Amino acid sequence: MHNPVTQRLAELRATLNDYNYQYYVLDDPSVPDAEYDRVMQELKALEQQHPDLITPDSPSQKVGGQPIAAFGEVQHEVPMLSLDNAFDNEEFQAFVKRAGDRLKRPLNSGFCCEPKLDGLAVSVLYENGQLVRGATRGDGRTGENITANVKTIGNLPLALRGEGYPARFEVRGEVFMRRDGFEKLNQTQAEQGKKLFANPRNAAAGSLRQLDSRITASRPLTFYAYSVGLVEDEVEELADTHYGRLQQLKAWGLPLCPEVRLVKDSQACGDFYQQILQKRDALAYEIDGVVIKIDDLGIQQELGFVARAPRWAIAWKFPAQEEMTELLDVEFQV
Ligand code: NAD
C-alpha cells in the first residue's frame, strides 16, 4: 500500500531532477524558473513536515547538476554552494532573526547587498597573479574545467594588477550576458537558422560550456566577482569583511557589479531591495533578486553552512517575470 506522502515526495523529486538535468546539464530549461521554484517550495514544505523522510540525494539537499565529463574535472577545495531563498520581507527578516538566534547575541554586523546576477557561478584560480584555472560550479564539489573558455571573457583579467594578493587564491563570480549582447546573439542565431536561446542566463551557460573555446570567444560574456574562495599563502592580510575583500579584488583588477552596497542594518537591506527592484528593467543585464550577505567574515564562519547553502547569506528573489509563454514563444520561433 502506498503512503501518499512518500509518493508525492517521489513525484516532486523526480520532476525536479528532470528540470535540473535540462537546466544545468543541457542548458535548455523545460519550464520557467517560477515553476521550478514552486515545485521546490512544495518539496521543502513537505520535507519540513516529515523530516524523517529527507534523503541526502533529494534535490532540496543538492547543488546544481552533474558536470559533463568531456570538460575534465575540477575538485573545489572549498565547496561552491547555492543560496537559500526568501520570497518576501517576512522571509528575509526571518533569515536575520535565525542568524541572531544562532549567535545568541545581537547581530552586530553590517550587510553587503548585491544584485543577484542571472548567469552562472564560476571559480577562477590565480597563482602568482596569473589566471591558471577556470571552473563551473557543477554539483558544488566537482566542477567542469573550462579554463580555455574563461580566458576568452573580455573583462576578466588574465593577470592581476598591483601587489599584495595571495600567492594562490580563487575568485568566484557570475558570468552573464548583457541584454544587448543577448539580443544580438539571438538575431545572428535566427539569421543562421539556428536555435534561439530562451534567455540571457541560458545563453551565457550555453556559451561558456562549449568544447570549442572559439565559440565562447565569439559570445558577449561578462564577469563580475562576488567572493573569494580558496586562499593560500597570503602575502598581506586579506580584509576581515566581505565588502572589504571585494574592494581588494577591485584594486587587483577584478570587475565588480557597480550596484553593490554596504548597509548597516536589515531595514536598509529592505531599502536596497526596493531600489534595485525599481531599477531592474533599466539595468543592462538581467537579475532575479538581490543577495544579502552578513558582512563580518568572523560571523560568517561562526554561522557556517547547512547542506547546500550558507547561513550567512540569502537570495531575496524578485516576483517572477518570466512566464511559460515566453519559453514557448522562443521555441515556436526556432
Ligand atoms: P540560485 O541561483 O537561487 O542562487 C545561487 C547562485 O546565485 C550562485 O551559485 C550564483 O551563481 C548566483 N549569484 C548571482 N549573484 C550573486 C551574488 N551577488 N552573490 C552570490 N551568488 C550570486 O541557486 P541555484 O542553485 O544556482 O539555482 C536555483 C535556481 O535556478 C532556482 O531557484 C531557479 O530559479 C533556477 N533553476 C531553474 C530551473 C528550470 O528548469 N527553469 C532548473 C534549475 C534551477
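Residues numbered from 1 in each chain as written. Predicted model: local features only at pLDDT ≥ 70, side-chain atom pairs only at ≥ 80, totals over all residues. Heavy atoms only, no water.

1. Brief notes about the sheet that holds strand β3 (residues 111–117)
- Spatially, the five strands line up as an open sheet ordered β2-β11-β10-β3-β9, and their pairing is mixed. Strands at the two margins of the open sheet, each flanked by one partner only, are β2 (85–86) and β9 (261–263).
- As judged from the two bridges shared by β2 and strand β11 (residues 313–317), these two strands associate in the parallel manner. Bridge pairing links Ala 86 to Trp 316 in β11.
- Packing of helix α9 (residues 266–279) onto the sheet brings it into contact with β3, β9, β10 (287–294) and β11, and relative to β3 it is tilted by some 25°. (Pairing = 2+ DSSP bridges. Helix = DSSP H or I, 4+ residues; strand = E, 2+ residues; numbered from the N terminus. Contact = heavy atoms within 4.5 Å. Axes fitted to C-alpha atoms, helices over the stretch in contact; angles between N-to-C directions.)

2. Examining the site of the ligand
- Near the ligand there are 25 residues, and of these Val 31, Asp 37, Ser 82, Glu 114 and Glu 174 occur at the shortest range.
- Take Tyr 24: an N or O atom from its side chain is 2.8 Å from an oxygen atom of the ligand.
- The contact in question runs from a nitrogen atom of the ligand to an N or O atom on the backbone of Val 31, over 2.7 Å.
- Contact with the protein chains hides 94% of the accessible area of the ligand, taken as 830 Å² for the molecule alone.
- Classifying every residue of the shell around the ligand by side-chain character gives 13 nonpolar, three polar and nine charged. (Near = heavy atom within 4 Å. Polar contact = N/O pair within 3.5 Å; in protein donor to acceptor, adjacent residues only side chain to side chain. Areas by Shrake-Rupley, 256 points an atom, 1.4 Å probe, with all protein chains shown as cover. Nonpolar A, V, L, I, M, F, W, Y, C, P; charged D, E, K, R; others polar.)

3. Description of the environment of Phe 318
- Relative to the helices and strands, Phe 318 resides in the loop between β11 and α11 (324–333).
- Taking the C-alpha atoms as reference points, Phe 318 and Phe 111, 207 residues apart in sequence, are found 19 Å from one another.

4. Considerations on the sheet that holds strand β5 (residues 130–136)
- Reading across from one edge, β5-β4-β7-β8 is the order of the four strands in this open sheet, with antiparallel pairing throughout. Of all strands in the sheet, those with a lone pairing partner are β5 and β8 (221–232), marking the two edges. Sheet twist, expressed as the average angle between the axes of neighbouring strands with direction ignored, equals 25°.
- As paired strands, strand β4 (residues 120–127) and strand β7 (residues 168–177) are joined by eight bridges and run antiparallel to one another. What sits directly across from Val 122, in β7, is Gly 173.
- Together, β4, β7 and β8 form the strand contacts of helix α6 (residues 200–208), whose direction differs from that of β7 by roughly 130°.
- Sitting on the sheet, helix α8 (residues 242–251) touches β7 and β8, and the angle it makes with β8 is about 115°.

5. Re the confidence of the model for the protein chain
- Mean pLDDT over the protein chain stands at 93; residues scoring 70 or higher make up 96%.
- Contacts for the low-pLDDT stretch residues 327–334, under 50 throughout, to residues beyond four places or in other chains number 12 contacts.
- In the predicted complex, the global pTM is 0.93; the interface-specific ipTM is 0.96. (pLDDT = per-residue confidence, 0-100.)

6. Re the pattern of salt bridges
- Applying the stated criterion to the full structure yields 23 salt bridges.
- Residue Arg 8 is joined to Glu 42 by a salt bridge in which the shortest nitrogen-to-oxygen separation is 2.8 Å. With a gap of 34 residues between them, Arg 8 in helix α1 (residues 4–25) and Glu 42 in helix α2 (residues 33–49) connect regions that are remote in the sequence.
- Exposure remark for Arg 8: the relative accessible area of 32% places this residue in the partly exposed category.
- Lys 195 is the salt-bridge partner of Asp 28, the closest N and O atoms lying 3.5 Å from each other. Placement of the pair is Asp 28 in the loop between α1 and α2 and Lys 195 in the loop between α5 (179–191) and α6, with a sequence separation of 167 residues.
- Since its relative accessible area comes to 42%, Lys 195 is described here as partly exposed.
- Ionic contacts of the salt-bridge type, sharing partners, join the residues Arg 8, Glu 11, Glu 35, Arg 38 and Glu 42 into one network. (Salt bridge = Lys/Arg side-chain N within 4 Å of Asp/Glu carboxyl O. Buried < 20%, exposed > 50% of the residue type's maximum accessible area, 1.4 Å probe, protein only.)

7. Some points on the pairing of β7
- The buried count for β7 comes to 10 of 10 residues, which makes it a mostly enclosed element.
- Bridging between β7 and β8 involves nine bridges; their strand directions are antiparallel. Its bridge partner lying in β8, Val 175 is registered against Phe 223.

8. Looking at the side chain of Asp 118
- Tracing the backbone shows Asp 118 in the loop between β3 and β4.
- Residue contacts for Asp 118: discarding those within four places in its chain leaves Glu 174, Phe 176, Arg 201, Glu 286, Ile 287 and Asp 288.

9. Some remarks on the packing of aromatic side chains
- A complete count under the given rule lists 13 aromatic pairs for this structure.
- Residues Tyr 165 and Trp 252 carry aromatic rings whose centres are separated by 5.9 Å and whose planes lie at 90° to one another, so their mutual orientation is edge-to-face. A residue pair is termed long-range when its members are at least 10 positions apart, and Tyr 165 in the loop between α4 (147–150) and β7 and Trp 252 in the loop between α8 and β9 qualify at 87 residues. Comparing Tyr 165 with Trp 252 shows no difference in burial state: the two are buried.
- Taken together, the ring pairs connect Phe 92, Phe 95, Tyr 273, Trp 316 and Phe 318 into an aromatic cluster. (Phe/Tyr/Trp six-rings, centres within 6.5 Å; stacked < 30°, edge-to-face > 60°.)

10. Some remarks on the environment of Gln 61
- Within the secondary structure, Gln 61 sits in the loop between α2 and β1 (73–75).
- For Gln 61, a relative accessible area of 26% gives the class partly exposed.
- C-alpha separation for the pair Gln 61 and Arg 280, spaced 219 residues apart in sequence, amounts to 30 Å.
- Ignoring sequence-local partners within four residues, the contact set of Gln 61 consists of Glu 47, Ile 54, Thr 55, Pro 56, Ala 307 and Arg 308.

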